[in-house]
Structures are given as structure tokens and as C-alpha cells.
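A closer look at the structure
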Amino acid sequence: MRPEDLDVALRPRSSWEAMELGTALLRRHAGAVWQPWLLATLPVFALLNAAAWMLDRLWLAMVLMWWLKPLFERIPLYVLSRGVFGRTPPAWETLRAQVAFGRGAMPGYLLWRRLSPARSLLLPVDVLEGTAGTQRWMRRRVVGGPAYAQAALLTWTCWLFELALALGAVAAVFVAVPAELLPASLRSFWALLYGGPPPWLLLGFNLAFWLAMSVIGPFYTAAGFGLYLNRRTETEAWDVELAFRRLRERLLAQAAAPLAVALLACTLLLPWSAYAQEPGDDAEPATLEQVFGPRLADDAGFREAAARAYRDPPLGGERTLVEWKPKAKERPQRRPGPDLSALAALLSLLAEWGLWILAGVLLLAVVLTAPRWLPWLRGSLRRRRTVPTPVATVVLAEPEPLPDDIASVARRLWQDGRQRDALALLYRGSVEAMSLQAGVELPPGATEAQCLRAARRLPLDAARELFAGVVRVWQYAAYAGRLPEQDEFESLLDAARVQWGWSR
Amino acid sequence: MPPQAVAAHERTGTAAAPAAMLDTYREVLTPEGVALHLPAAGPVPRALAWLIDLFVRVAVLLALSMLLGLLGGLGQGLYLVGLFLVFWAYPIVLEAAWNGQTPGKRALGLRVVAGDGAPVGWLPAVVRNLMRSVDMLPFGYATGLASCLYDRHGRRLGDLVADTVVVHVAPRRIDPVLPPATPQAPAQVLLPDEQAAIVAFGERAPRLSAGRQAELAALLFPLTGSAGSEGVRRLYGLANWLLGRR
């Protein structure tokens, strides 16, 4: 099994979440599982029922069908164990493979292991790993260990699911019966069950159970397979291995030649003691014979000392427990409880009237506050399928060329009541003049901050201050909507005309 | 699509158009472009949670009936009110007011959230629990079970109508315990997921066999420049450093 070829995302999951991974895998390969499942179980179902009918023991077919479940569960297991690597085996291949797939494990699962509560988790161990003997037993313990309880609960829950679906199929018949005929048909159904059910009814039950088994069985196996995958991810840290492999590939690709040389040098220079320690870490702890060799003597004094040590109260296993017990047996006292009927009558009277009053008050409150909560309820009942508000687009106008006489045009705009346009013109003109005087090429759409930064190149202090003033006034107007006073605008305009050399 | 999926398929050379790596979460994209992963819960833990809730409710009703039995007719009336509340208000109130969890869901580590991962509100809680009467049909939640098995995110009809999901709650993480090692800065710049993998190694390696630890550490020879138990120790050092232990 090569984790790097896996088609599912591995990460540490809880056992419950691991089941969802298995069922998600089953949903992805649903067709490849249920086709061979139906092809395999339908003939067996027909054969068993025919045989049981001849023997006049139809219930036997149901029991046998249930007993043979481990045989059928190999089908989803086969498909999922391939599907986990992104391969979907066709139905005929799955069916043909069933002859030999996990043959060694089947006798156990059909006989002494049939009632094992963790079948879904342990079946993959036996069928997919192909180990034998003691090793298999150990693998079962390692894989099964911490997830055994969840696997048992899974088995139990799936059994209940099957029951619910089978009885649901039976009950669905009665849902179709009109309500006025329901009591009569229920009574006749019970009579039918009570007085020895006819074969067609038993066959119907068998069919319902086969249907339920066909729905739940693959899900059960898949959930168990998910648990199995998760346990192996836990015990072997597959997700870490995958991440390490990716990191390794990246590092090797990133630094091909020079680093390799450096690393080689590094390894050669490493202290050899690091390697010398290595076997010692994993070795078995030494026994007395290994340590002392032939000099080891069986000392009676040592044994005596050891026995004495065990008798020592702090080390030994005996302790005294003191507890109190009542001397006399408690006599059961039966006294009639106090007569509460008067209290009960009073409470019931209060409760009756109180409830009516409460209901009236509530109704009044609901009606009176309707205008407040009705719109809220209407609003919250609406499906929140929000349509993204369309973004308003405006075609950008080509910037008008600056007029020759900026100052007089700006003043006229101001007097016409278009103060904002006047300030915009003043700003644009100032920027143009500034870039000319400072000898800076501004990018198209330069921000105010960029312009201010460029203005630092201006040779004159006065020019720099003026430009900063223009920018500040423009920003107040543009972003805060705060227009300057008339005198302030006039003085700014005059200063600009002098500084930037605008005509007049 | 994550890069590792591409890498895996390129190596095996199977699919021409590789499918995304199979995972069990429901992905929700927030308006900020952040992908939230909601680990959807399937029928098995949900059924167990429901069973626990059933036991709790039956126990409450039993205690109630013993207390109210003393009051005669009034007690019977109150008991009927209690019966109604315990069976219909219990899940609604707990889910809406207690973080989307009933005691059973809490025990199984589940939570109800809205379809986009937000906390479930009163109206969805009412809707999804009233829809139980449909999910119960025709017997023993068979309809809800079928829907839960079929749906990719394990939703029953009530969840579909109320647009809610039951999700697994990640267990609260305790401060990771790493084997002590001298913290050591990595020689290379590591990407976030690679750092996470090294820390995960530090957390989980002590429970692996010594051979497997060495095998994993040998993969990172290009990073640590050493293999065997020395490599393992160096990885522990890196993990300690990455966790900010200097």
C-alpha cells in the first residue's frame, strides 16, 4: 500500500468522522458497489427463498441471508479498497474477484466470528492485509484496539438502521391506505400475523429485509473501512509521511547540485558516535544473565531481601480498611403522606384561572405588538438568497485640457456656485505646474500623496508650501465636503497665479 | 485543487482530468474569500446522539411523573404540558440557545450550524425540529435516514428545509506535548503546511514504533542532514523550535 497514491485526503480524524470518510468514498463509487451487490445477492435471495418455500420454512431464508452477510460485504470492501486509489473496478471484475478475495478469512467470519461486534473494522485487516497466524492476531489488536468500541456501536446502530428501514417499508404500505379504512386494515393485518402468516406475507417480509440490508450493508462496510483507514493513518502517520515526501521533493528540486555537495560533506563530518548509539536505542533491555554471564549466582539472601521488601507495608499489597456500618437494620417506615387534596384543588383552581388570564394577556400582547414583529418575521422567513448588488459603472470622461487662463476660469466657476469644480481645476492646474517646475513625470492617476511627495523636489520653499496648501484645501473639499471661505479661496488663487506664473 | 492531488495523479498517471481529493467537509466561501471547512456528520453519530437525548428526555419525564403524581388531576395536567415541552421544546431551545448542542450532540461531539457555518438561529431551529414529523415517516425515522445516507453532507429533510448542517466539533486542543529536545532552527525556509507536518510528527511520533519513526525521519534527510535516531531527534528539535520553545 503506497499512501502517496491515495485519492482521499488524510488527516487525523476522530473515529466518528472516519466513518464519514468511508461513506463519502461509497457515495463516490456507488454504481461500482451496488451493481455487483445486486448481481450477487439477488440470485442468492431467490434461491434461498425458493428452497425455504419448498421446506415450508420461509423464515429460514431470512436468517440465512443475514448469516451470509460477511460474504456479501467483501464486495463493497473490494471496490472501496481499489477506489481509495482512484480506480473504479467494473462490476464483472468485482464479481470474478470474489471467488478468491479473502477466502482464508471467510470460514472464521461465517462461523465463530459471525457475531463479532467489530466485524466491519476487522474484516479489512484479514481480507486486505493477508497476514496469517500470530502476526494477524497482533494486527487485529493494533488496528482494533482504541476503535473497537466505536466499531461495536457502528454495528449496533447499523442493525437498528436496517430494522428501521425494513419496518419502514412495511409501514409504507399502510401509509397508502386511506385513513377511514386504516383501523379495519390494521385489524386484519394483526389477525393475519396472529393466525400463522401466509407464505406471501413472509416473502414480503423477506423482501423488505433484503432491501434494507442492501441499502445499509454497503454503508456499514464503508464506515468500517473508513475506521480502518483512520486507524492505519494514526498508527503509521500516513499524513505526516505524505507531507514529508512533498517537502523532500521540494527541497531536492530546489537545491539540486550545490546543496547536495554540502550535505554530503555534512554527513561525512557528523560525529560517528551518533551512529554508534543507534542500535542501542532499539535493543531489548538486557537480562541479568546477559549482564553477569557465568558469574551470576542464585543468591538465597537476595530472594529473602526481595520477599521482605514486598512484605513492607508501603510496598506490599495489604491494607486495612475501616468503615462504619449501622448496627440495627433500618425498619421500613410507611406513614401515609399528608393530605394534599385541598392544596391540589386550590392550585388547580389558581392554575386554571391563571392560565386563562395568561393566555388572554399573551394573545393581547401578540395582537398589540404585531406591527413590530410582523415585518421582522416576514424578513427572516424570506430565503436569504442574496443577489450580489450590481456594481455601478461610469465611463470615465477624458480629462478636459486645462484652459489657458486657469485663474480666471476658476474664479468664474466659484462665482457661478460650482465651488467644487473650481477647486478641482485649481488642484489640477497646480499639479501640472508643480510637475513642470519640479521636473517630475507623474504617473497617470497619481494620488494626492504621490503628488505631495513629488512636490518635495520643488526648488522654492514658498512653492512647496503653496502646493501643500492647495492639496489640503482640495482634500477637505473632495473627501470631507468642507469648502473654504471666499477670502481663503481668493488668496490661494492669487498666490497660485503668482507662483505658477499663470497669466495676469 | 490542492497541489498534492496533482502530484499524486502525475505519479500514477491514471486520470487525465484528476478529481479532487475526497474529503468529508462542506466548504463555504466567505465574502472575504476565506474557505471554511465544516466537517459534516453522518447518520451513525447523529442517531447515537438522538438516542442519548431520548434517554435524557425519558428520564426527565419519569422524574416529572413521580413529582406530579402527588398532585392528582392538576399533576396530570401539568405532566401533559411537560410532555409536550420535553418532546418538542427540548431540542429547539437547546439547539438555539446552547450553541447548537443538545446533551446527546455534546456527548458525541456534534453541533448544529447554519448552512454557511453561522450559529443556528431560532427560526431554523424551530423549522428543522418541526420537520422531524416528516423525517419520522413511515417508521423509526426511515425517511430521515434515507435522506441522511444519500446526502453528501448527511442532512435529513429538516436540515435541507432549514438550511442547517450537523458538524463534528473538533476536540479542544491542549498544549501539545513534545519529547524534549534542544530547539533548533530549520536550515531552510519552510511553508506553513510543512511546518505543521513537522509539529505533527513531534506530537505523534512517540506513539509510533522506533522503526517507523526512523523511516519517516529518513525522508527528511535533505532537511536535517541525518537519518536514524539522530534524524528523529533533530526533527523533535525542529518541532520544538517551530512551537516557539527557545
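Up top you'll find the structure we're talking about.
One structure accompanies this document, and this report is about it.

Parameters at a glance
- Residues numbered from 1 in each chain as written.
- Chains lettered and ligands numbered in written order.
- Predicted model: local features only at pLDDT ≥ 70, side-chain atom pairs only at ≥ 80, totals over all residues.
- Heavy atoms only, no water.
- Phe/Tyr/Trp six-rings, centres within 6.5 Å; stacked < 30°, edge-to-face > 60°.
- Buried < 20%, exposed > 50% of the residue type's maximum accessible area, 1.4 Å probe, protein only.
- Helix = DSSP H or I, 4+ residues; strand = E, 2+ residues; numbered from the N terminus.
- Axes fitted to C-alpha atoms, helices over the stretch in contact; angles between N-to-C directions.
- Parallel < 35°, antiparallel > 145°, perpendicular 65-115°, else oblique.
- Left-handed = near helix turned anticlockwise from the far one by under 90°.
- Contact = heavy atoms within 4.5 Å.
- Nonpolar A, V, L, I, M, F, W, Y, C, P; charged D, E, K, R; others polar.
- Patch = residues over 30% accessible without salt bridge, like charges linked within 9 Å, V, L, I, M, F, W, Y side chains within 5 Å.
- Areas by Shrake-Rupley, 256 points an atom, 1.4 Å probe, with all protein chains shown as cover.
- Salt bridge = Lys/Arg side-chain N within 4 Å of Asp/Glu carboxyl O.
- Pairing = 2+ DSSP bridges.
- 1 Å grid on protein atoms, 1.4 Å probe; cavity = no way out; pocket = protein on both sides within 12 Å on 5 of 7 lines; lining within 4 Å.
- Points joined across faces, edges and corners; volume = space filled by probe spheres on them.

**Details of the packing of aromatic side chains**
All names here are of chain A. All told, the structure shown has 13 aromatic pairs over all chains when counted by the stated rule. With 5.7 Å between their ring centres and 70° between their planes, Trp66 and Trp67 make a pair best called edge-to-face. Overall, the relative accessible area of 29% leaves Trp66 in the partly exposed class. Overall, Trp67 belongs to the partly exposed group, its relative accessible area being 31%. Aromatic pair Phe174 and Phe189: ring centres 5.0 Å apart, planes at 70°, arrangement edge-to-face. Of this pair, Phe174 sits in helix 9 (residues 148-175) while Phe189 is found in helix 10 (residues 182-194), placing the two residues 15 residues apart along the sequence. Here Phe174 and Phe189 have matching classes, each one buried.

**Topic: the packing of helix 12 (residues 238-254) of chain A against helix 9 (residues 192-204) of chain B**
Following both chains from N to C, one finds helix 12 of chain A and helix 9 of chain B inclined at 135°, their axes separated by 9 Å at the closest point. Classified by the angle their axes make, helix 12 of chain A and helix 9 of chain B are oblique. When the axes of helix 12 of chain A and helix 9 of chain B are compared, the crossing they make is left-handed. Across from Asp239, Val240, Ala243, Phe244, Arg246, Leu247 and Arg250 of chain A in helix 12 of chain A, the residues of helix 9 of chain B making contact are Asp193, Glu194, Ala197, Ile198, Ala200, Phe201 and Arg204 of chain B. Here the residues of the contact of helix 12 of chain A with helix 9 of chain B sort into eight nonpolar, no polar and six charged.

**Comments concerning the packing of helix 2 (residues 30-55) of chain A against helix 3 (residues 58-67) of chain A**
Residues and elements named next belong to chain A. Running from N to C, helix 2 and helix 3 point in directions that differ by 150°, and their axes come no closer than 7 Å. In terms of orientation, helix 2 lies roughly antiparallel with respect to helix 3. Every pair of crossing elements has a handedness; the one defined by helix 2 and helix 3 is right-handed. Residues Thr41, Val44, Phe45, Leu48, Asn49, Ala52 and Trp53 of helix 2 form the contact with helix 3, whose participating residues are Leu58, Ala61, Leu64 and Met65. Along the lines of polarity and charge, the residues of the contact of helix 2 with helix 3 split into nine nonpolar, two polar and no charged.

**Notes on a nonpolar patch on the surface**
A cluster of nonpolar side chains, contributed by Leu340, Leu343, Leu346, Leu347 and Leu350 of chain A together with Leu70 of chain B, occupies part of the molecular surface with about 560 Å² of accessible area. Among the structural elements, Leu350 of chain A can be located in helix 17 (residues 341-368).

**Thoughts on the side chain of Ser147 of chain B**
Mapped onto the secondary structure, Ser147 of chain B falls in helix 7 (residues 142-150). Each residue touching Ser147 of chain B, except ones within four places of it in the same chain, is listed here: Arg155, Arg156, Leu157 and Leu160 of chain B.

**Looking at the pairing of strand 1 (residues 25-29) of chain B**
Of the two faces of strand 1 of chain B, the one holding Arg26 and Val28 of chain B is buried and the one holding Tyr25, Glu27 and Leu29 of chain B is not buried anywhere. Taking the residues that link successive antiparallel strands as the turn, the strand 1 of chain B-strand 2 (residues 35-39) of chain B hairpin has five residues, and the phi of Gly33 of chain B there is positive, at about 85°.

**Quick look at empty space enclosed by the protein**
For the structure shown, the criterion picks out three cavities of 30 Å³ or more. Within this model, the largest cavity holds a volume of roughly 80 Å³. As for the largest cavity, its lining consists of 14 residues, of which Thr23, Phe219 and Ala223 of chain A together with Pro43 and Val44 of chain B are closest to the centre. Those elements giving two or more residues to the lining of the largest cavity turn out to be helix 1 (15-28), helix 9 and helix 11 (199-236) of chain A together with helix 2 (43-68) of chain B. The class makeup of the residues in the lining of the largest cavity is 11 nonpolar, two polar and one charged.

The values are spatial; any link to function lies outside them.
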